Amino acid sequence: MKILGIDIGSRAVKLALFEGDTLKKSDIISTMQFYRDYSTTVDGSIRLDLKAIGYHHADKIVSTGYGRNNLQVENALIINELKAHVYGALYQTELKNFTLLDIGGQDFKVVKVENGIITDMLLNDKCAASSGRYLENMAALLEISMEELKGHFENPVALNTTCAVFGESELIGQIALGHKIPELSAGINYSLYKRIKPHILKLKSKNIVLTGGVAQNNAIIHYLKEDFHEVVVPELPQLNGAIGCGYLGVLKERKRSNA
Amino acid sequence: MKKVGLTTTIPVEVLLAAGCTPIDLNNIFVTGGKGLELIESAELDGFPRNLCAWIKGLYATAMTNEIDAVIGVTEGDCSNTKSLIEVWQSKGMRVIPFGFPQSRQREAMVKEIDHLMKTFEVSMQQVNKVMEKLYPIRQRIKYLDELTWRHNKASGFENHLWQVSCSDFNGDPATFLKDLEVQISEIEARSPFSDYEVRLGYIGVPPIIEDIYALVEANGGRIVFNEVQRAFTMAEASVHDSIYDIYLSYTYPYDLKARLVDIKKAIAERRLDGIIHYTQSFCHRGIEDILVKQQLGIPVLTIEGDLPGKADARTKLRLESFMDMLRDLKE
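Each value, and the rule that gives it
- Residues numbered from 1 in each chain as written.
- Chains lettered and ligands numbered in written order.
- Predicted model: local features only at pLDDT ≥ 70, side-chain atom pairs only at ≥ 80, totals over all residues.
- Axes fitted to C-alpha atoms, helices over the stretch in contact; angles between N-to-C directions.
- Helix = DSSP H or I, 4+ residues; strand = E, 2+ residues; numbered from the N terminus.
- Parallel < 35°, antiparallel > 145°, perpendicular 65-115°, else oblique.
- Contact = placed C-beta atoms within 7 Å.
- Nonpolar A, V, L, I, M, F, W, Y, C, P; charged D, E, K, R; others polar.
- Pairing = 2+ DSSP bridges.
- pLDDT = per-residue confidence, 0-100.

### Some words on the packing of helix α3 (residues 81–93) of chain A against helix α9 (residues 240–258) of chain A
Residue and element names in this part refer to chain A.
Okay, step 1: As a packed pair, α3 and α9 sit with axes 7 Å apart at the nearest point and diverge in direction by 85°. Taken as axis vectors, α3 and α9 run roughly perpendicular relative to one another. The residues of α9 that touch α3, namely those facing E81, A84, H85, V86, Y87, G88, A89, Y91 and Q92, are N240, G241, I243, G244, C245, Y247 and L248.
Okay, step 2: Taken together, the residues of the contact of α3 with α9 sort by class into 9 nonpolar, 6 polar and 1 charged.

### Quick look at the sheet that holds strand β3 (residues 22–30) of chain A
Residues and elements named next belong to chain A.
Okay, step 1: In space, the 5 strands of this open sheet follow the order β3-β2-β1-β6-β8, with mixed pairing throughout. For this open sheet the edge positions go to β3 and β8 (76–78), each flanked by a neighbour on one side alone. Recorded for the sheet is a direction-independent mean angle of 20° between the axes of neighbouring strands.
Okay, step 2: As paired strands, strand β6 (residues 60–65) and β8 are joined by 3 bridges and run parallel to one another. Within the sheet, the bridge partner assigned to I61 lies in β8 and is A76.
Okay, step 3: Contacts between helix α1 (residues 31–38) and the sheet are confined to β2 (12–19) and β3, with β3 contributing the most and set at about 95° to the helix.
Okay, step 4: Against the sheet, α9 makes contact with β1 (2–8), β2, β3 and β6, and its axis sits at roughly 145° relative to β1, the strand it touches most.

### Here we look at the interface of chain B and chain A
Okay, step 1: Every contact between the two is made by 13 residues of chain B and, on the other side, 14 residues of chain A.
Okay, step 2: When residues of the side of chain B that touches chain A are assigned to their parent elements, the largest contribution, 8 residues, is made by helix α15 (residues 313–330) of chain B.
Okay, step 3: A class-by-class count of the residues in the side of chain B that touches chain A yields 6 nonpolar, 2 polar and 5 charged.

### Description of the confidence of the model for chain A
Okay, step 1: Per-residue pLDDT for chain A averages 91, and the proportion of residues at 70 or more is 97%.
Okay, step 2: Across chain A, strand β12 (residues 207–211) of chain A holds the top mean pLDDT of 97, while strand β7 (residues 71–72) of chain A sits lowest at 69.

### Some points on the sheet that holds strand β9 (residues 98–103) of chain A
Sheet strands pair by backbone hydrogen bonding; their relative direction is either parallel or antiparallel.
Residues and elements named next belong to chain A.
Okay, step 1: With mixed pairing, 5 strands are arranged side by side in an open sheet as β11-β10-β9-β12-β13. At either end of the open sheet lies a strand with only one pairing partner, and these are β11 (117–123) and β13 (230–232). Taken pair by pair, the neighbouring strands of this sheet meet at an average axis angle of 25°, ignoring direction.
Okay, step 2: Relative to β11, strand β10 (residues 108–114) runs antiparallel, the two being bridged by 6 bridges. Looking at β11, one finds that E114 is bridged to I117.

This is the structure in structure tokens:
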């Protein structure tokens, strides 16, 4: 039995294919490429061309994400994002009690999980200042790559506005004061972390599991480790939602065959 | 006939024997549709903002309704009531204190109930007569509870409302029974809820949030156990029990340990998939959540309520996600 999990995010579409109980194959495709190359519009609704992506062998599909209600994936079971990410974290970390922090391209989520079940959550609205999009915009302003941005955490310059647009003006001010790339980058990373930290504090537990595209940012991991007991970054943080979809499919299948 | 307000369940047999009309102030406060106004008026009289809304609601309900006296429960319910009693007395309200002895010793219970009987000038014979009348009503309520969890026909809200109303039998046990029979016949005629629904237990004090039962049902589940409300019914007592025995085996006012035994039994018997632990903001019972989560062995969702009204968006999302995952486990 092959089960495909799809997480249609705002910046990337993630695919995870399970065979039996194991993750066999995964891919991350930019959202633009995904809609341009792998989707077609039929009678006003968008249909996904799984053959073109190379995932047409799946027996069962479970999908989630930002675009899940707009996109027709034939025979797919659609689940909510919170649940998808929690199942992903359950599979990847094997923990049962944790606080999940998922920082995606367009939002972040803090979800408290106790005995393997969601018991609380805090979500931000679509706000660029607390998401990966903020990092991308600020890196573009500094004319550096995300790869370079993510490594700097020492001596952050102060960036205090809560808004991503005004944050750019503030960054320009700091550039004009003569600060160098490392401090400016650290300032960007730290300002994102500072906005998210109060939300984690509200739902903290002994283990913080960090997922989403921003989990690849070493500076954010560094700041988290300074403040919290145990920080766990799963092996495939950006694929976590897609893995969660696939894993839930596996669980359902297991139950079905045991019944 | 005197109207006597109650701050929580008390040996209501004594009041009925004395020919008084018992009025559970909680029920009037939360169902009267003026909850927020009552809280505001209590705050204008000086009650702190960071205090349980029930206490403020009880205060203002007694002050604005025609109540001749109040029985204030000082032990086993809420220690805020002790200060509430003093404020009531300063405003000229007659208050009779009653305590569920923390030792749960028979002698202490005898003393408390005898004192209550003496205050209301009733004999044990009169009390026993009332007990004989209430026994069949309590058994019918037990049947309504079975219609909820065994026959799967009654809703969680019906179960809550009828059981919670046993603290005062809506002031008139005979009419209460007549209305109950109508409700039971209506429920019996229904077809049962689905076998696949998520079965939840509700533990902790009754909710100040009015739509919690409806939200659970909108998410494909049903509350089939209302812990404290069921305790209010005294339906587990035998026909031979004395009034002292009944209120000694009552779980709510005593230690959490005994309540947990009762809850665990219900989890097994009623095949519960999960528990909603309701706590009231600023209430000492919130601390009990630590033990509830450790000891029940099934998923627990803690919902904290503050003011009367409908659940907020976050509570709705929490409940939805919790039940969604319970359904995955059940399927």
